[in-house]
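The chain contents come next:
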Amino acid sequence: MKILLLGSGELGKEFTIAAQRIGQTIIAVDSYENAPAMQVAHGFEVINMLDGEALDRIVAKHNPDFIVPEIEAIRTERFYDYEKQGITVVPSAKAANFTMNRKAIRDLAAKELGLKTAAYRYATTADELRKGVEAVGMPCVVKPLMSSSGKGQSTIKTAADIEKAWNYAVEGSRGDVVEVIVEAFVKFNSEITLLTVVQNNNPTLFCAPIGHRQERGDYQESWQPARISDKELYEAQDMAEKVTEALGGAGLFGVEFFLADDGVYFSELSPRPHDTGMVTLAGTQNFNEFELHLRAILSLPIFEITLEKAGASAVIAAFENSANPSFSGIEKIASLPKTDFRIFGKPTSRPYRRMGVALVNDTLETPIEEIVERAKAAAALIKVNS
């Protein structure tokens with residue numbers, strides 16, 4: 001099968017490796033040359049994926065069996081036409097359109113499906129944001145409708161923060177949608193990602209829940225399994241199944257939840273492997289999240305997902321701009337027991353850009369806090385140099 005991968009970052013790179021291991025052909029697409037997935041794909045294209053005509057040209061040129069989106073900034077309304085041409089859009093054209101825009105997925109979850117979410121409003125101007133803040137109260141969180149990895153996300157604690165939050169959200173927005181969502185701050189105890197695998201002809205499966213910690217809206221560490229009660233897990237699985245069923249298609253979804261004293265809150269959903277799910281590269285499961293996504297797409301039956309080990313991932317970040325980043329300390333992390341790492345191969349760096357990840361695993365009896373600390377210490381050994 002030929003797969004057109006739209007977005008070629010680190011998640012796309014691992015997906016490409018998984019696909020090549022079972023004989024699939026990958027054409028990697030992104031807005032810049034030498035993106036991580038391009039380095040391991042069979043071919044690549046460099047285009048602005050918000051240019052619908054450019055997107056049409058490469059689809060016609062390669063005539064793929066599958067189109068697999070990896071990022072948000074894509075002219076996703078074209079996907080409906082591609083489906084009519086007989087191309088499978090992953091998970092589906094509807095799912096890609098709804099989940100690439102926080103407005104559509106939040107309204108689907110809260111209004112149509114009745115899932116428990118934080119109170120929220122939308123704003124297209126700073127004045128509308130001010131009114132939205134008044135409606136949901138402070139503190140509250142502001143996010144662009146289209147963004148990734150926490151870009152443009154901030155917390156408003158006082159009225160003086162509103163204009164700054166608006167400007168930051170607009171700067172961090174992907175695509176051509178100038179609109180934000182403002183959410184009431186949920187007093188949560190923890191947050192989890194529930195990797196949900198929707199199959200074409202077999203039951204929906206769930207990975208063990210993944211806990212994570214964020215800074216600047218971007219994950220810093222993730223761990224599996226996360227501590228969660230049976231009641232909370234049932235609530236999260238029920239909500240995840242409802243929203244993924246409404247979106248249709250097959251593939252792996254990263255569904256995010258807040259765990260609070262008054263129950264489980266639906267937060268967000270990604271129709272693809274999730275950054276916090278990179279912990280599965282530590283060998284925590286019988287299949288990592290990229291293998292699961294691929295198998296679900298290809299309608300290869302997945303009998304079960306088993307938790308094999310406890311594990312953690314920790315981000316290796318850059319702290320300065322560089323047009324030619326290099327890495328030191330690799331021999332130190334390589335010498336650690338039950339530890340691995342990935343260097344993504346991004347051609348440039350900037351402050352806080354995710355350049356790699358440290359991975360640690362141990363027995364299921366090992367305290368997860370200990371494994372997380374070992375992953376953080378391992379990540380700190382690798383320095384990104386300009």
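Fair warning: this is a prediction, and the values are worked out from it, not measured in the lab.

**Side note on the overall build of the chain**
- For the chain, the count of helices and strands is 11 helices and 20 strands.
- The globule rule puts the C-alpha radius of gyration for 386 residues at 21 Å, and the 20 Å found for the chain is close to it.
- The principal-axis extent of the C-alpha atoms belonging to the chain is close to 50 × 50 × 45 Å.
- Taking the intrachain contacts of the chain between residues at least 6 apart in sequence as the baseline, contacts between residues at least 24 apart amount to 63%.
- Roughly 16,100 Å² of accessible area belongs to the chain as shown, and the carbon and sulfur atoms make up 49% of that amount.
- If the 41 positive side-chain charges of the chain are averaged to one point and the 52 negative ones to another, these points end up 2 Å apart.

**Some thoughts on the domain arrangement of the chain**
- What the domain assignment reports for the chain is domain 1 (2-89), domain 2 (119-184) and domain 3 (188-385).
- Centre-to-centre, using C-alpha coordinates, domain 1 lies 30 Å away from domain 2.

**Considerations on the UniProt feature "binding site: Mg(2+)" (unreviewed entry) in the chain**
- Here the UniProt feature "binding site: Mg(2+)" (unreviewed entry) sits at E256 and E268.
- Within the secondary structure, E256 sits in strand β14 (residues 251-260).
- For E256, a relative accessible area of 10% puts it in the buried group.
- Beyond its immediate stretch of four places on either side in the chain, E256 contacts I192, T193, H212, Q214, Y265, F266, S267, E268 and H274.
- As for its placement among the helices and strands, E268 is situated in strand β15 (residues 263-270).
- Looking at E268, the relative accessible area reads 16%, which means it is buried.
- A polar atom in the side chain of E268 sits 3.0 Å from the side chain of K143.

**As for helix α6 (residues 126-136)**
- For α6, the complete set of buried residues consists of L129, G132, V133 and V136. Summarising the axial view, the buried residues of α6 lie within an arc of 100 degrees, below the 170-degree limit, and thus occupy one face. Seen from the open side of α6, the exposed residues pointing more than 90 degrees away from its buried face are D127, K131 and E134.
- Phi for G137, located one or two positions after α6, is positive at around 90 degrees.

**A look at the pairing of strand β2 (residues 25-30)**
- Most of β2 sits out of view: five of its six residues are buried.
- Note: strand β1 (residues 2-6) against β2, five bridges, orientation parallel. Across the sheet, the residue bridging to I3 is I26, located in β2.
- For the handedness criterion, the β-α-β arrangement of β1, helix α1 (residues 10-21) and β2 is classed as right-handed.
- Of the strand pairs in this sheet, β2 and strand β3 (residues 43-46) are connected by four bridges, and their pairing is parallel. Among the inter-strand pairings, D30 is bridged to a residue of β3, identified as V46.

**Considering the sheet that holds strand β9 (residues 180-184)**
- The strand order across the open sheet built from four strands is β6-β9-β7-β8, with neighbouring strands paired in antiparallel fashion. The outermost strands of the open sheet, each flanked by one partner alone, are β6 (120-123) and β8 (154-156). Each strand axis lies, on average, 30 degrees off the axis of its neighbour in the sheet, ignoring direction.
- In terms of strand pairing, β6 meets β9 through four bridges, oriented antiparallel. Paired with Y120 across the two strands is E183, which belongs to β9.

**Observations regarding the environment of R213**
- With respect to the helices, strands and loops of the structure, R213 is situated in strand β12 (residues 210-215).
- The partly exposed category is assigned to R213, whose relative accessible area is 31%.
- Put simply, R213 and T276 are 63 residues apart on the chain and 9.2 Å apart in space, counted from C-alpha to C-alpha.
- When sequence neighbours within four positions are dropped, the list of residues in contact with R213 reads D218, Y219, Q220, E221 and W223.
- Looking at R213, its side chain comes within polar contact range of the side chain of E215, at 2.8 Å.

About the criteria used
- Residues numbered from 1 in each chain as written.
- Predicted model: local features only at pLDDT ≥ 70, side-chain atom pairs only at ≥ 80, totals over all residues.
- Heavy atoms only, no water.
- Helix = DSSP H or I, 4+ residues; strand = E, 2+ residues; numbered from the N terminus.
- Rg over C-alpha atoms; globule rule 2.2 N^0.38 Å.
- Contact = heavy atoms within 4.5 Å.
- Areas by Shrake-Rupley, 256 points an atom, 1.4 Å probe, with all protein chains shown as cover.
- Lys, Arg positive; Asp, Glu negative; His and termini not counted.
- Charge placed at Lys NZ, Arg CZ, Asp CG, Glu CD.
- Domains from an automatic or database assignment.
- UniProt positions renumbered as here; feature names shortened; annotations may be inferred.
- Buried < 20%, exposed > 50% of the residue type's maximum accessible area, 1.4 Å probe, protein only.
- Polar contact = N/O pair within 3.5 Å; in protein donor to acceptor, adjacent residues only side chain to side chain.
- Arc of directions from axis to C-beta.
- Pairing = 2+ DSSP bridges.
- Right-handed = clockwise from strand over helix to strand, strands pointing away.
- Axes fitted to C-alpha atoms, helices over the stretch in contact; angles between N-to-C directions.

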